[in-house]
Amino acid sequence: MEELEYINIIKHTIKKKKKKQANTQSNNRRELLEQRRNLRSNATPAEAAMWKLLKGKQIMGLQWRRQFSIGPYILDFYCPKLHFCIELDGEPHFTAEGMEKDKIRAQWLQEEHNIHILRFENHLVFDYPQSIIAEIEITAKELIYSNSLPLFEGTPSKTEGEP
């Protein structure tokens, strides 16, 4: 009886590992590793400012990843727990071609991975950081409630005037 239980435990562990490998194959693909590293190393000023707002679980205790790839796309900021992406848009996104690419990308991320995307223009990160934090919190709460996720305690967001 003990030997059978041991075999079942091993089978279960192998199944879990295979399932985990299958789920992560489209995330952070090896062929995009250098591109992701390059994007992190050469972040735009807006991306660097946004990262200061997100890193260290400062907003609702949410953990964010920067330059995280899903399928063929690299997301600026991604919260795996909520399937929530934040994209910062600069000038190339405001052309007809840029808008069409963003539309196709957003549709694929939503349909294939149920990822919610929140977009901000670069200048807003500098001009209205508190508004951006508020918008992220509102969206995160909506995603938590719509997915019936448990509310989790985290570091409260910094309020205006705090260091």
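It should be emphasised that the depicted structure is a prediction, and the values quoted were computed from it without experimental measurement.

So, about the pattern of salt bridges. Considering all chains together, one arrives at 4 salt bridges under this definition. Asp102 is paired through a salt bridge with Arg119; the nearest N and O atoms lie 3.1 Å apart. Placement of Asp102 in helix H4 (residues 96–113) and of Arg119 in strand E4 (residues 116–121) is noted, with a sequence separation of 17 residues between them. A relative accessible area of 28% means that Arg119 is categorised as partly exposed. Sharing partners across several salt bridges, the network here consists of Asp89, Asp102 and Arg119.

Our focus in this paragraph is the sheet that holds strand E3 (residues 84–89). The strand order across the open sheet formed by 4 strands is E1-E2-E3-E4, and the pairing between neighbours is mixed. Unpaired on one side and paired on the other, strand E1 (65–70) and E4 mark the two borders of the sheet. The mean inter-strand angle of the sheet, taken between neighbouring strand axes irrespective of direction, is 45 degrees. In this structure, E3 lies alongside E4, joined through 6 bridges in parallel fashion. Counted as the bridge partner of Phe84 is His116 from E4. Contacts from helix H6 (residues 129–146) reach E3 and E4, with the element oriented near 170 degrees to E4.

Right, let's talk about the side chain of Asp76 for a bit. Inspection of the secondary structure assignment puts Asp76 in strand E2 (residues 73–79). There is a polar contact of 2.9 Å between the side chain of Asp76 and the backbone nitrogen of Leu88. For Asp76, the residues in contact, after removing those within four places along its chain, are Glu47, Arg65, Arg66, Gln67, Ile86, Glu87 and Leu88.

This part covers unusual backbone geometry. The backbone of Gln67 shows a phi angle near 50 degrees, a positive value even though the residue is not glycine. With respect to the helices and strands, the residue Gln67 is situated in strand E1. Phi at Asn114 takes a positive value of approximately 55 degrees, unusual for a residue other than glycine. Along the chain, Asn114 falls in the loop between H4 and E4. With relative accessibility at 46%, the residue Asn114 sits in the partly exposed group.

Turning next to H6. The end-to-end C-alpha distance of H6, which contains 18 residues, comes to 26 Å, matching closely the 26 Å that a straight helix rising 1.5 Å per residue would cover. Those residues of H6 hidden inside the fold are in contact with helix H3 (45–54), E3, E4 and helix H5 (122–127).

A separate point is the nonpolar core. Met50, Leu54, Trp64, Phe84, Ile86 and Ile136 are the most contacted members of the largest nonpolar core, which has 24 residues in total. Looking at this core, the elements with two or more residues in it are H3, E2, E3, E4 and H6. Here the element with the most residues in this core is H6; it accounts for 6 residues. Once residues within four sequence positions are removed from consideration, Phe84 is found in contact with Trp64, Phe77, Tyr78, Cys79, His116, Leu118, Ile136, Thr139, Ala140 and Leu143. Counting 8 residues, the second largest nonpolar core, distinct from the first, contains Phe68, Ile70, Cys85 and Ile115.

Parameters and conventions
- Residues numbered from 1 in each chain as written.
- Predicted model: local features only at pLDDT ≥ 70, side-chain atom pairs only at ≥ 80, totals over all residues.
- Heavy atoms only, no water.
- Salt bridge = Lys/Arg side-chain N within 4 Å of Asp/Glu carboxyl O.
- Helix = DSSP H or I, 4+ residues; strand = E, 2+ residues; numbered from the N terminus.
- Buried < 20%, exposed > 50% of the residue type's maximum accessible area, 1.4 Å probe, protein only.
- Pairing = 2+ DSSP bridges.
- Axes fitted to C-alpha atoms, helices over the stretch in contact; angles between N-to-C directions.
- Contact = heavy atoms within 4.5 Å.
- Polar contact = N/O pair within 3.5 Å; in protein donor to acceptor, adjacent residues only side chain to side chain.
- Expected span 1.5 Å × (residues − 1).
- Core = buried A, V, L, I, M, F, W, Y, C linked by side-chain atoms within 4.5 Å.

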